[in-house]
Amino acid sequence: MFIENNLVMESLIDVLKILAIILPLLIFIAYLTYFERKVIGFMQLRKGPNVVGPFGLFQPFADGIKLLTKETIVPSNSNKFLFILSPIITFTLALIAWAVIPIDNDIVLSNINVGIMYIVAVSSLSVYGIIMAGWASNSRYAFLGSLRSAAQMISYEVSIGLIIINILITVGSLNLSEIVLAQKNVWYFLPHFPMFIVFFISTLAETNRAPFDLPEAEAELVAGYNVEYSSLSFGLFFLGEYGNMILMSSMTTILFLGGWLPPVDNEIFNLIPGFVWFFLKVSFLLFLFLWIRATLPRFRYDQLMRLGWKVFLPLSLFWVIITSSYVYFNNGNF
């Protein structure tokens, strides 16, 4: 009986830990949509949301209630099971990746030794939800959008993988917390600055964000792979996309910006909790996401693929050789 009670308590604690990650993440996602509309509004000399609540702060909740109360429309000729399943897969994969993200030195759900491999595996699975959505919709626009997205995500995942290899060679560990702690003296965006730029641009393509939003190009595809979706199913795609933005910004923070570590190790900066530093860095990268959307035009598809295969792939592969050679000739030290 004592053992059973312990198991129940451990399970309850695990559930509370999961909720402590998911609930703030969902609120962060909701207000990311608000800040995106505000930032783009200011950059275009508009006010953005300013009606629902003071300064429009309740607008995300109004949008959420609207999506929940809308009718769910399933096309008559679609594969109904896969049509409903695909947004669930997309949203679930955007959440489960957070199981290994260290927000602070001791704030992580599962501090496994192969955390980076877990992230790569989960992020590579996200393409399945999009492919299933495009095919199950039985719509040419949706299918073409899903094919574009799959090709784009797979193309830029190659460069992302090679860039991560550079960091792993530098640190000598697959543990995300150890990667952060290894940057105590210098953040890796300095020695790996070209890879930091390539990685950030690749995250834009990986999350289908402007100027790489070809899968959702309104001019030729109406809305891309989610054109047939409505109500809660569309909302899950929406949450999944913004959740992936936050996840990729968190990965950039962990790999290149020192995670929860302050910029300078002194008494004043050390007074600020580590998770606050983590939040500030992620917020800065998300602001860059929004800024880029407001300022840069959409790429042509051939330009997008050429950048991935003919520029980023050779550059990241060359940097692997440079990093490996440097570590080898310095007896494994970076």
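Residues numbered from 1 in each chain as written. Predicted model: local features only at pLDDT ≥ 70, side-chain atom pairs only at ≥ 80, totals over all residues. Heavy atoms only, no water.

Undergrad: Can you help me understand the overall build of the protein in this one?
TA: Assigned secondary structure in the protein consists of twelve helices and zero strands. Starting at the N terminus and ending at the C terminus, the protein contains elements arranged as α-α-α-α-α-α-α-α-α-α-α-α. Along the longest, intermediate and shortest principal axes, the C-alpha atoms of the protein span 65 × 60 × 45 Å. The buried share among the 334 residues of the protein stands at 46%. Looking at the protein alone, contacts between residues at least 24 apart form 76% of all its contacts between residues at least 6 apart. Just so you have it, the protein exposes about 17,100 Å², and 70% of that area is on carbon and sulfur atoms. (Helix = DSSP H or I, 4+ residues; strand = E, 2+ residues; numbered from the N terminus. Buried < 20%, exposed > 50% of the residue type's maximum accessible area, 1.4 Å probe, protein only. Contact = heavy atoms within 4.5 Å. Areas by Shrake-Rupley, 256 points an atom, 1.4 Å probe, with all protein chains shown as cover.)

Undergrad: Teacher, can you tell me more about the side chain of Ser149 here?
TA: Relative to the assigned elements, Ser149 resides in helix 5 (residues 140–171). Among the polar contacts made by the side chain of Ser149, one reaches the side chain of Asn208 at a distance of 3.1 Å. Other than its neighbours up to four places away in sequence, Ser149 contacts Ile130, Asn208 and Pro215. (Polar contact = N/O pair within 3.5 Å; in protein donor to acceptor, adjacent residues only side chain to side chain.)

Undergrad: What is the right way to read the confidence of the model for the protein from this model?
TA: When pLDDT drops low, the exact placement of atoms in the prediction is not to be read closely. The share of residues in the protein with pLDDT of 70 or more is 96%, and the mean pLDDT across the chain is 88. No element of the protein has a lower mean pLDDT than helix 8 (residues 218–221), which averages 65, and none a higher one than helix 7 (residues 193–206), which averages 94. (pLDDT = per-residue confidence, 0-100.)

Undergrad: Please clarify how helix 11 (residues 274–295) should be interpreted in this entry.
TA: It helps to recall that an α-helix has 3.6 residues per turn; residues three or four apart then point in one direction. In this model helix 11 runs 32 Å from its N-terminal to its C-terminal C-alpha over 22 residues, within 8% of the 32 Å that 1.5 Å per residue would give. Within helix 11 the residues assigned to the buried category are Gly274, Trp277, Phe278, Lys281, Val282, Leu285, Leu286, Leu288, Phe289, Leu290 and Ile292. (Expected span 1.5 Å × (residues − 1).)

Undergrad: How do you make sense of helix 9 (residues 231–256) when you look at a structure like this?
TA: For helix 9, built from 26 residues, the straight-helix expectation of 38 Å at 1.5 Å per residue is met to within 8% by its first-to-last C-alpha distance of 38 Å. Burial analysis of helix 9 places 22 of its 26 residues in the buried class, the great majority of the element.

Undergrad: Please explain the nonpolar core as it appears in this structure.
TA: For soluble globular proteins, nonpolar side chains are generally found buried alongside one another. Ranked by internal contacts, the top residues of the largest apolar core, which has 60 residues, are Ile101, Leu176, Leu255 and Phe256. By residue number, the principal contributor to this core is helix 9, which donates nine residues. When residues no more than four places from it in sequence are discounted, the contact partners of Leu176 are Val100, Ile101, Pro102, Gly115, Ile116, Ile119, Met251 and Ile254. In this structure, Phe83, Ala150, Tyr225 and Tyr229 belong to the second largest nonpolar core, which totals ten residues. (Core = buried A, V, L, I, M, F, W, Y, C linked by side-chain atoms within 4.5 Å.)

Undergrad: Any chance you could explain unusual backbone geometry here in plain terms?
TA: Excluding glycine, a negative phi dihedral is what most residues carry, and trans is how most peptide bonds are arranged. The residue after Ala210, namely Pro211, is reached through a cis peptide bond having omega 5°. By the element assignment, Pro211 lies in the loop between helix 7 and helix 8. Unusually for a residue other than glycine, Phe55 sits at a positive phi of about 60°. Inspection of the secondary structure puts Phe55 in the loop between helix 1 (2–43) and helix 2 (59–69). On the basis of relative accessibility, which here comes to 66%, the residue Phe55 falls in the exposed class. Unlike most non-glycine residues, Asn138 shows phi in positive territory, near 55°. Note that Asn138 resides in the loop between helix 4 (115–136) and helix 5. Among the residues examined, Asn138 registers a relative accessible area of 52% and is labelled exposed.

Undergrad: It is not clear to me how empty space enclosed by the protein should be interpreted in this structure. Could you clarify?
TA: It is a probe the size of a water molecule, rolled over the atoms, that shows where empty space is left. Applying the stated criterion across every chain, the model contains one cavity of 30 Å³ or more. Counted as a void, the largest cavity has a volume near 210 Å³. Surrounding the largest cavity, 18 residues form its lining, Ser126, Met153, Glu206, Gly240 and Asn244 being those nearest its centre. Among the secondary structure elements, those contributing two or more residues to the lining of the largest cavity are helix 3 (80–96), helix 4 and helix 9. The biggest single contributor to the lining of the largest cavity is helix 9, with six residues. For the lining of the largest cavity, the class distribution of residues is nine nonpolar, seven polar and two charged. (1 Å grid on protein atoms, 1.4 Å probe; cavity = no way out; pocket = protein on both sides within 12 Å on 5 of 7 lines; lining within 4 Å. Points joined across faces, edges and corners; volume = space filled by probe spheres on them. Nonpolar A, V, L, I, M, F, W, Y, C, P; charged D, E, K, R; others polar.)

Undergrad: Is there a simple way to explain the pattern of salt bridges in this structure?
TA: Two side chains bearing opposite charge may form a pair once their charged atoms approach each other closely. For the coordinates displayed, the defined rule picks out seven salt bridges. Here Arg209 ties to Glu241 by a salt bridge, and the two come within 3.6 Å at their closest N and O atoms. In this pair, Arg209 sits in the loop between helix 7 and helix 8 while Glu241 sits in helix 9, placing the two residues 32 residues apart along the sequence. Of the two residues, Arg209 and Glu241, both sit in the buried class. One salt bridge connects Asp302 with Arg300, and the closest N-O pair in it is separated by 2.9 Å. (Salt bridge = Lys/Arg side-chain N within 4 Å of Asp/Glu carboxyl O.)

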